[in-house]
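Observations on the three-dimensional arrangement
Okay, here's what each chain looks like letter by letter:
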Amino acid sequence: LPLCDIIPPLARCRSNDPAKVAWLMESILEEGLRVPIDVLEVEGRFYGFSGCHRYEAHERLRKDTIRCRVRRSTRTTLRRHLM
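The sections below set out a description of the structure shown in this document. Quantities reported herein were computed from a predicted structural model and do not represent experimental measurements. (Residues numbered from 1 in each chain as written. Predicted model: local features only at pLDDT ≥ 70, side-chain atom pairs only at ≥ 80, totals over all residues. Heavy atoms only, no water.)

Attention shifts here to the nonpolar core. Ile6, Ile28, Ile37, Tyr55, Ala57 and Ile66 are the most contacted members of the largest nonpolar core, which totals 13 residues. Secondary-structure elements contributing two or more residues to this core are α1 (18–31), β2 (37–42) and α2 (52–60). Apart from residues lying up to four places away in sequence, Ile6 is in contact with Leu1, Ile37, Phe46, Gly48, Tyr55, Ile66 and Cys68. (Core = buried A, V, L, I, M, F, W, Y, C linked by side-chain atoms within 4.5 Å. Buried < 20%, exposed > 50% of the residue type's maximum accessible area, 1.4 Å probe, protein only. Helix = DSSP H or I, 4+ residues; strand = E, 2+ residues; numbered from the N terminus. Contact = heavy atoms within 4.5 Å.)

As structure tokens, this is what we get:
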């Protein structure tokens, strides 16, 4: 998915571990993304709910897209994930 189509994970409100993001950036450049992030699709919008370090690494690398596991969901389920 294009990064610009994903509403970032709520966990992003906390600060990500800079060392982990740097390690992921290096790993992504060398091997690509090994594990896709998880995204909920609710009414045509995509909400990231896991993978905040991987998401940030892609942003910092100025990648346009990121591999995702997309799960169709409801607003009720989305609210549970955002709590």
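Taking 1.5 Å per residue as the helical rise, α1 with its 14 residues ought to reach 20 Å, and the 20 Å between its terminal C-alpha atoms agrees with that figure. Of the residues making up α1, those classed as buried are Val21, Leu24, Met25, Ser27 and Ile28. Taking the backbone nitrogen of Ala19 as reference, a side-chain oxygen 3.0 Å away marks Asp17 as the first, capping residue of α1. Just downstream of α1 lies Gly32, where phi reads positive at about 80 degrees. (Expected span 1.5 Å × (residues − 1). Polar contact = N/O pair within 3.5 Å; in protein donor to acceptor, adjacent residues only side chain to side chain.)

Now for unusual backbone geometry. In this structure, Glu43 takes a positive phi of about 55 degrees despite not being glycine. Structurally, Glu43 can be placed in the loop between β2 and β3 (45–50). In this structure, Arg62 is a non-glycine residue whose phi angle is positive, near 60 degrees. Within the element layout of this structure, Arg62 appears in the loop between α2 and β4 (68–72). For Arg62, a relative accessible area of 72% puts it in the exposed group.

It is worth spelling out the pattern of salt bridges at this point. On inspection of all chains with the given rule, the structure shows 6 salt bridges. One salt bridge in this structure joins Glu31 and Arg34, with 2.5 Å as the shortest N-O distance. A single network of salt bridges, built from pairs that share partners, joins Asp38, Arg69 and Arg71. (Salt bridge = Lys/Arg side-chain N within 4 Å of Asp/Glu carboxyl O.)

Relative to the helices and strands, His58 resides in helix α2. Look at His58 and you get buried, because its relative accessible area is 5%. Not counting the four nearest positions on each side in its chain, His58 is found in contact with Leu3, Ile28, Leu33, Lys63, Thr65 and Ile66.

Burial analysis of α2 places 7 of its 9 residues in the buried class, which makes it a mostly covered element. Among the residues of α2, Cys52, His53, Arg54, Tyr55, Glu56, Ala57 and His58 are the ones counted as buried. Contact partners of the buried residues in α2: β1 (6–7), α1, β2 and β3.

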